[in-house]
Structure formats: structure tokens, C-alpha cells
Amino acid sequence: MSSATAETWPESQAGIVSRVWRGFRRWRRTRPFWGGLLAMIAGVPILYFPYAKLSIGGLTMTMATTAGAGSLIIGLLLIALGLTAWFQPVVRVFCGVATTILALISIPVSNLGGFGMGALPGLIAGGLLASWAPLPARPAPAADGPAGAPADGPAERTADAPAEAPTAHLPAQAAAEPGAAPQTPAEEDQR
């Protein structure tokens, strides 16, 4: 039995976990999920390192600098931009540009952008957020005819007649057509 011939499970028999997972997948596909997640992940190391006390062997290192306030602001803004992109996908381009700028600003301000662990995911997140676009809506099936037929009227093609692709004629193509007189730029402008 292949997946094409398998019967679907009735909704009532599906477990709660599978229903929650399907709902999450539907929600995730309607917004820039991965860009928002990476933006939030990028904010964590930028926030953490200026306030952390790292100990390597017996040596304790404190990264507290005057950039602590800047790191706090940049990290919190990255997290806020990731959440905003999730819950308001309309502003995804703004979130992407702002995430990219904040990730670049974090390099000199916040210990090389959280030692690169915040700057690199932030730059990737900015690109993902700015380039994400929602899927086009699927057209509703026509109520008047068979599935796939346009509602305006029956436009059937036979197997012998190939479909014609729409073409555009450019001014340079008009001169190259057989029987057409060559046109000068002045004649093209008059058209």
C-alpha cells in the first residue's frame, strides 16, 4: 500500500499529539518561523556574555564591560523582533532589516556579537525574515463545472491542439519578422 492509496485517519481517532502537531505545522507555515526563532536564539548569547562569569580551570573571567547596557538592549530587541515576526508576519521585512542592523551593531558593542554566537545567527535570521513571503492562496474550485474547468465557460483543448503561451512583441522583434519594414527609433517612439 502506498501513501497515495492509504486511507486517512478520521479526525476523531487521531491522537491529541498528532492534532496539536498538525495545528503547529499549519501555524508555522503561515509565518517566518525559522527567521524569528534564529533572531531569538541570537539575542541569548548577546545578552548572556557581558553579565557572565566564566571560569576556565581555576581562572575566573568576568566579561562585564561598559557595553553591558548596550548588550542588554540589543539582546532584548532581537528577542522582541523574533516574537514580532512570529505574531505579526506583516512587518517581517522591518523585522528582518532591524535584526540585521542589530546583529551588525552587536559586533563592536557586545563582545564581538556574543563571540560570533549571536551575530551570525542574527545575520541569517535577518535574511530569512526579510525574504520570507506567504504562500499564494489556493483558488477555490468552480461550482459550475468539473474540477479544474473555469467558471466563465467550457474551454476544452483537444490533445491535437497545443496550448498557446502568451507572448509579447518587442520593438526589436517587429523588425525581425518576415515582411515587416525596419523601423527607426523615431518610428518606434510614435507607436
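The following paragraphs examine the structure supplied in this document. Owing to the predicted nature of the structure, the values given are computational and were not obtained by experimental measurement. (Residues numbered from 1 in each chain as written. Predicted model: local features only at pLDDT ≥ 70, side-chain atom pairs only at ≥ 80, totals over all residues. Heavy atoms only, no water.)

## Topic: the nonpolar core
Counting twelve residues, the largest nonpolar core is built from Ala39, Ala42, Ile46, Ile74, Leu78, Leu81, Ala85, Cys95, Ala98, Leu102, Ala125 and Leu129. Where this core is concerned, the elements lending two or more residues are α2 (33-48), α3 (68-87), α4 (92-109) and α6 (119-131). Broken down by element, the residue count for this core peaks at four residues, all from α3. Apart from residues no more than four positions distant in its own chain, Leu81 is found in contact with Phe94, Cys95, Ala98, Thr99 and Leu102. (Core = buried A, V, L, I, M, F, W, Y, C linked by side-chain atoms within 4.5 Å. Buried < 20%, exposed > 50% of the residue type's maximum accessible area, 1.4 Å probe, protein only. Helix = DSSP H or I, 4+ residues; strand = E, 2+ residues; numbered from the N terminus. Contact = heavy atoms within 4.5 Å.)

## With respect to a nonpolar patch on the surface
On the surface, Leu104, Ile107, Leu112, Phe115, Met117 and Leu123 cluster together into a nonpolar patch covering about 530 Å² of accessible area. Along the chain, the position of Leu123 falls in helix α6. You can call Leu123 partly exposed: its relative accessible area is 32%. (Patch = residues over 30% accessible without salt bridge, like charges linked within 9 Å, V, L, I, M, F, W, Y side chains within 5 Å. Areas by Shrake-Rupley, 256 points an atom, 1.4 Å probe, with all protein chains shown as cover. Salt bridge = Lys/Arg side-chain N within 4 Å of Asp/Glu carboxyl O.)

## A closer look at the packing of aromatic side chains
Summed over all chains, the structure comprises nine aromatic pairs. A centroid spacing of 5.6 Å and a plane angle of 40 degrees characterise the contact between Trp21 and Phe24, whose relative ring orientation is tilted. With Trp21 and Phe24 both in helix α1 (residues 16-28) and three residues apart, the pair spans about one turn of that helix. Accessibility expressed as a relative area gives 48% for Trp21, which makes it partly exposed. A relative accessible area of 29% means that Phe24 is categorised as partly exposed. For the pair Trp86 and Phe87, a centre-to-centre distance of 6.4 Å together with 80 degrees between the ring planes defines the contact as edge-to-face. Given a relative accessible area of 13%, Trp86 falls into the buried group. Linked through ring pairs, Trp21, Phe24, Trp27, Phe33, Trp34, Trp86 and Phe87 together constitute an aromatic cluster. (Phe/Tyr/Trp six-rings, centres within 6.5 Å; stacked < 30°, edge-to-face > 60°.)

## Some words on the side chain of Ser71
Checked against the element boundaries, Ser71 lands in helix α3. Separated by 2.9 Å, the side chains of Ser71 and Ser110 make a polar contact. Not counting the four nearest positions on each side in its chain, Ser71 is found in contact with Ile46, Leu47, Pro50, Val109 and Ser110. (Polar contact = N/O pair within 3.5 Å; in protein donor to acceptor, adjacent residues only side chain to side chain.)

From the geometry alone we can't say anything about function, so treat these as descriptive.
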